Amino acid sequence: VLSRVKLIAEPWDMGPGGYQVGKFASSWSEWNGMFRDDVRDYWRAESNERTLAVRVDGSGDIYKDRGNRASINFVTAHDGFTLRDLVSYDHKHNLLNGEDDRDGENWNRSWNCGVEGATTDEGVLDLRDRQMRNFMSTLLLSKGVPMILAGDEIGRTQSGNNNAYCHDGPVSWLDWDAADTGMYEFIRSVLALRREHRHDDLILRFNASSAPTRVDIPMPFRLLLDTGAAVLAHDSLEMSPHSMVVGVSE
């Protein structure tokens, strides 16, 4: 029975040298915190395509020849911001935890898209929705094992609280009545794409020029990940100056 157990490590510990990502035996999979950090930085324009490509391609710089299952890819986890809060808050808001906002991580690699917290600004809300799709598409189409935080698929918020372990109430509960059904359906479509092409290699093409570029890729599906758009598409697409096309080989 034990020979079939999945061994998954959170490779953090206290003290110098406590972060041991990539150093477990080949029988282990590991939470890849470098994937989280680099993907977050890319979608807030604090990283580059070269770094993102390494993470999307399975983080070979960390796991060498251990294969795709070594990396547990994630953008959010049980501690820290939810996906909705990652694109809605620049700073943690933990006063309800009773520790004068001293608890929780201060460096979240987040971007509020122009307004801190709740807003009725349609432009900001639209940008946040696109950013959430950018994050989930990058996660689900990267090599490795994707891990989704419960509630991210329906746009759950903790109102900026990034350390809500002490709550058993609305802050940490899933609000099914407020579920973002559009986000849910989008994730289903990307998962279907991943499932259909799970044995194929991803094709990455980047465009960082100052002018839009038209790219034709001979494949049935592809995903445009962009700070202004994230859509499933066919045929050719107009790409904006900062974008990434992810496709599947035939």
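Refer to the structure printed above.
The following paragraphs examine the structure supplied in this document. Throughout this description, residue numbers start from 1 for each chain and increase along the sequence as written. Local features in this predicted model are restricted to residues whose pLDDT is 70 or higher, and side-chain atom pairs enter the listing and the counts only when it is 80 or higher, whereas totals over whole chains, interfaces and linings include all residues. For the side-chain quantities, the full set of heavy atoms in the structure was used; hydrogens and water were omitted.

Thoughts on the overall build of the chain
At step 1: A helix here means a DSSP run of H or I that spans at least four residues, while a strand means a run of E at least two residues long, and both kinds are numbered starting from the N terminus. Regarding its fold elements, the chain presents 6 helices and 10 strands.
At step 2: Categorising residues by exposure relies on relative accessible area from a 1.4 Å probe, with only protein chains included: less than 20% of the type maximum marks a residue as buried, more than 50% marks it as exposed, and the intermediate range marks it as partly exposed. Within the chain, buried positions represent 45% of all 250 residues.

Focus: the packing of helix H5 (residues 122-140) against helix H6 (residues 181-196)
At step 1: Contact geometry for H5 and H6: axes closest at 10 Å, N-to-C directions at 25 degrees. Here H5 lies roughly parallel to H6, going by the angle between them. Judged by the sense of rotation from one axis to the other, the crossing of H5 with H6 is right-handed. Facing H5, whose interface residues are Met132, Arg133, Met136, Ser137 and Leu140, H6 presents Gly182, Met183, Phe186, Ile187, Val190, Leu191 and Arg194.
At step 2: In this classification, Asp, Glu, Lys and Arg are treated as charged, Ala, Val, Leu, Ile, Met, Phe, Trp, Tyr, Cys and Pro as nonpolar, and every other residue, Gly included, as polar. For the contact of H5 with H6, the per-class residue count stands at 8 nonpolar, 2 polar and 2 charged. Interaxial angle, 0 to 180 degrees, is taken between N-to-C directions of lines fitted to C-alpha atoms, where a helix line uses only the stretch in contact. Working rule for angles: under 35 degrees goes down as roughly parallel, over 145 as roughly antiparallel, 65 to 115 as roughly perpendicular, anything else as oblique. Rotating anticlockwise by less than a right angle from the far helix to the near helix defines a left-handed crossing, while the corresponding clockwise rotation defines a right-handed one. Contacts are assigned to residue pairs that have any heavy atoms within 4.5 Å of one another.

Thoughts on the sheet that holds strand S3 (residues 71-73)
Sheets are built from strands paired through backbone hydrogen bonds, the pairs being either parallel or antiparallel.
At step 1: Paired strands are those between which DSSP finds at least two bridges. Here we have 4 strands laid out as an open sheet, ordered S1-S2-S3-S4, and parallel in their pairing. Every interior strand has two partners, whereas the edge strands, strand S1 (7-9) and strand S4 (145-146), have only one.
At step 2: Examined bridge by bridge, strand S2 (residues 28-31) and S3 share 2 bridges and lie parallel to one another. By the bridge assignment, Glu30 is partnered in S3 with Ser71.

Some points on unusual backbone geometry
At step 1: We note that Ala45 has phi near 65 degrees; this positive angle belongs to a residue other than glycine.
At step 2: Looking at the secondary structure, you find Ala45 in the loop between helix H1 (33-42) and helix H2 (49-56).
At step 3: Exposure remark for Ala45: the relative accessible area of 60% places this residue in the exposed category.

Re the pairing of S2
At step 1: With 3 bridges joining them, S1 and S2 adopt parallel strand pairing. Among the inter-strand pairings, Ile8 is bridged to a residue of S2, identified as Ser29.

Some details on the nonpolar core
Soluble globular proteins tend to bury their nonpolar side chains together.
At step 1: Nonpolar cores are built from buried Ala, Val, Leu, Ile, Met, Phe, Trp, Tyr and Cys residues. Side-chain atoms within 4.5 Å join them into one set. If you look at the biggest cluster of nonpolar residues, it comprises 26 residues, and the most contacted ones within it are Val39, Val75, Leu83, Phe135 and Met136.
At step 2: Elements supplying a minimum of two residues to this core: H1, H2, helix H4 (83-86), H5 and H6.
At step 3: A per-element tally of this core places H5 first, with 7 residues.
At step 4: Other than its neighbours up to four places away in sequence, Val39 contacts Leu52, Val75, Phe135 and Thr138.

Comments concerning the side chain of Thr82
At step 1: Turning to its location among the elements, Thr82 is positioned in the loop between S3 and H4.
At step 2: On the basis of relative accessible area, Thr82 is assigned to the buried category, the value being 1%.
At step 3: With residues up to four places along the chain from it excluded, the contact list for Thr82 reads Thr76, Leu149, Asp152, Arg156, Thr157 and Gln158.

Focus: the packing of aromatic side chains
At step 1: Classification of ring pairs rests on two measures: the distance between centres of Phe, Tyr or Trp rings, Trp counted by its six-membered ring, which must be within 6.5 Å, and the angle between planes, read as stacked under 30 degrees, edge-to-face over 60 and tilted in between. Counted by the stated rule, this structure contains 6 aromatic pairs.
At step 2: Ring plane angle 55 degrees and centroid distance 5.4 Å describe the contact between Phe24 and Trp28, whose orientation is recorded as tilted.
At step 3: Judged by relative accessible area, Phe24 falls into the partly exposed class, the value being 27%.
At step 4: Since its relative accessible area comes to 29%, Trp28 is described here as partly exposed.
At step 5: On the numbers, 6.3 Å between centres and 35 degrees between planes, the contact of Phe81 with Tyr89 is tilted.
At step 6: Residue Phe81 is classed as buried on the basis of its relative accessible area of 0%.

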